[in-house]
Amino acid sequence: MKILIHPTSEGAVKAAALQIADLLAARPEAVLGLATGGTMEPVYAALIDLVAEGQCRGDRFTSFNLDEYVGLSADHPQSYHHYMRRHLFDALGVPAAQTHLPAGDAPDLAAEAQRYEARIAAAGGIDLQLLGIGANGHIGFNEPSSSLASRTRVKTLTRSTVEANRRFFAEGEAVPVHALTMGIGTVMDARHILLLATGAGKARAVAGMAEGPVSAACPASILQMHPSVVLVCDRAAAADLR
Ligand code: F6R
């Protein structure tokens, strides 16, 4: 695992966006695995700027997102479908047919999970998987104790993850407690992985991921077994590294 520590979160975000732009400059039709959450918002803003500056094309890639909340339709303002259109896809003008997220409102979620896996395989697999990390070490919504070999499926979110997600929902609005998420095995199939962590709240998870034992107690720790991982973090998120 290559670990890049930047003094500021802005520097870490820019470095992550540049890695994506470098791939798209070399291979505009690359298959990207994408993530949502607060960490990724400035990354997508920086990537949009890089495309506008002409560093790479931003309308030819195919993408597969990690996850979607169960029960939310693509039009729900807090759905990850909506997030991706708002923060990235609309600004880049990427055709909708090239972007994929699991359908959290599918009537048969197990069938939807299988269909999603098949679509990733049909696209030739993921070239670069972008990941954030939960304070409890989750990747995608593979919470602690998830099988390290898991494939796309429904997961119940831990209470701490539901609480962390609450900030994106209006006061009094129900926060989903289930997500349809790529499994850890699905993530590990990506050819390259780029994990971005910023802020002191991620320090313990980052240390567990990079230096702890490989264990389902910290799902991200499985990345130690992947041949091509870059961890980009700011100094605050790197604080617990030895
Ligand atoms: C989002 C995802 C999650 C987030 C993680 C960190 O698609 O899969 O694993 O990356 O929960 O979220 P933030 O960036 O909001 O701290």
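Note that the structure is a prediction, hence the values are computed from the model and not measured. (Residues numbered from 1 in each chain as written. Predicted model: local features only at pLDDT ≥ 70, side-chain atom pairs only at ≥ 80, totals over all residues.)

A. Geometry of the site of the ligand. In the vicinity of the ligand, 14 residues are found, and the nearest of them are Thr36, Gly37, Gly38, Thr39 and Gly132. Counted by class, the shell around the ligand contains 5 nonpolar, 8 polar and 1 charged residues. (Near = placed C-beta within 6 Å. Nonpolar A, V, L, I, M, F, W, Y, C, P; charged D, E, K, R; others polar.)

B. Highlighting the UniProt feature "domain: Glucosamine/galactosamine-6-phosphate isomerase" (unreviewed entry) in the protein chain. Annotation from UniProt places "domain: Glucosamine/galactosamine-6-phosphate isomerase" (unreviewed entry) at residues 12-225. The span residues 12-225 is 36% helix and 14% strand, and its two end C-alpha atoms sit 23 Å from each other. (UniProt positions renumbered as here; feature names shortened; annotations may be inferred. Helix = DSSP H or I, 4+ residues; strand = E, 2+ residues; numbered from the N terminus.)

C. Highlighting the UniProt feature "site: Part of the allosteric site" (unreviewed entry) in the protein chain. As recorded in UniProt, the sites labelled "site: Part of the allosteric site" (unreviewed entry) are Ser146, Arg153, Lys155 and Thr156. When sequence neighbours within four positions are dropped, the list of residues in contact with serine 146 reads Lys155, Ile184, Ala216 and Pro219. Assignment of secondary structure puts threonine 156 in strand β7 (residues 153-156). When sequence neighbours within four positions are dropped, the list of residues in contact with threonine 156 reads Val177 and His178. (Contact = placed C-beta atoms within 7 Å.)

D. Representation of helix α3 (residues 80-92) in the model. For α3, spanning 13 residues, the distance from its first C-alpha to its last is 17 Å, which sits close to the expected 18 Å at 1.5 Å a residue. Within the span of α3, buried status applies to Tyr80, His81, Tyr83, Met84, Leu88 and Phe89. Just past α3, the residue glycine 93 takes up positive phi, approximately 70 degrees. (Expected span 1.5 Å × (residues − 1). Buried ≥ 20, exposed ≤ 12 C-beta atoms within 10 Å, placed from the backbone.)

E. How the structure looks around the pairing of strand β3 (residues 62-65). Side chains Thr62 and Phe64 of β3 all project onto a buried face; the interleaved residues Ser63 and Asn65 project onto the opposite face, where all are buried too. Sheet analysis places strand β2 (residues 31-34) next to β3, joined by 4 bridges and oriented parallel. When the bridges of β3 are listed, leucine 32 appears paired with serine 63. Read as a crossover between parallel neighbours, the route from β2 over helix α2 (residues 40-52) to β3 is right-handed. Relative to strand β5 (residues 99-100), β3 runs parallel, the two sharing 2 bridges. When the bridges of β5 are listed, phenylalanine 64 appears paired with histidine 100. (Pairing = 2+ DSSP bridges. Right-handed = clockwise from strand over helix to strand, strands pointing away.)

F. Geometry of the sheet that holds β2. Pairing in this open sheet of 7 strands is parallel, and the strands run β1-β10-β9-β6-β2-β3-β5 from one edge to the other. Two strands close off the open sheet at either side, each with one partner strand: β1 (2-6) and β5. Relative to strand β10 (residues 229-234), helix α1 (residues 9-26) is tilted by about 150 degrees, and along the sheet it contacts β1, β6 (128-131), β9 (192-197) and β10. (Axes fitted to C-alpha atoms, helices over the stretch in contact; angles between N-to-C directions.)

G. Fine view of the sheet that holds β7. Judged by pairing direction, the sheet is antiparallel, and its 3 strands sit side by side in the order β4-β8-β7 without closing on themselves. Because the sheet does not close on itself, it has two edges, and the strands there are β4 (67-69) and β7. Here the average twist between neighbouring strands, direction ignored, is 30 degrees. Bridging between β4 and strand β8 (residues 178-181) involves 3 bridges; their strand directions are antiparallel.

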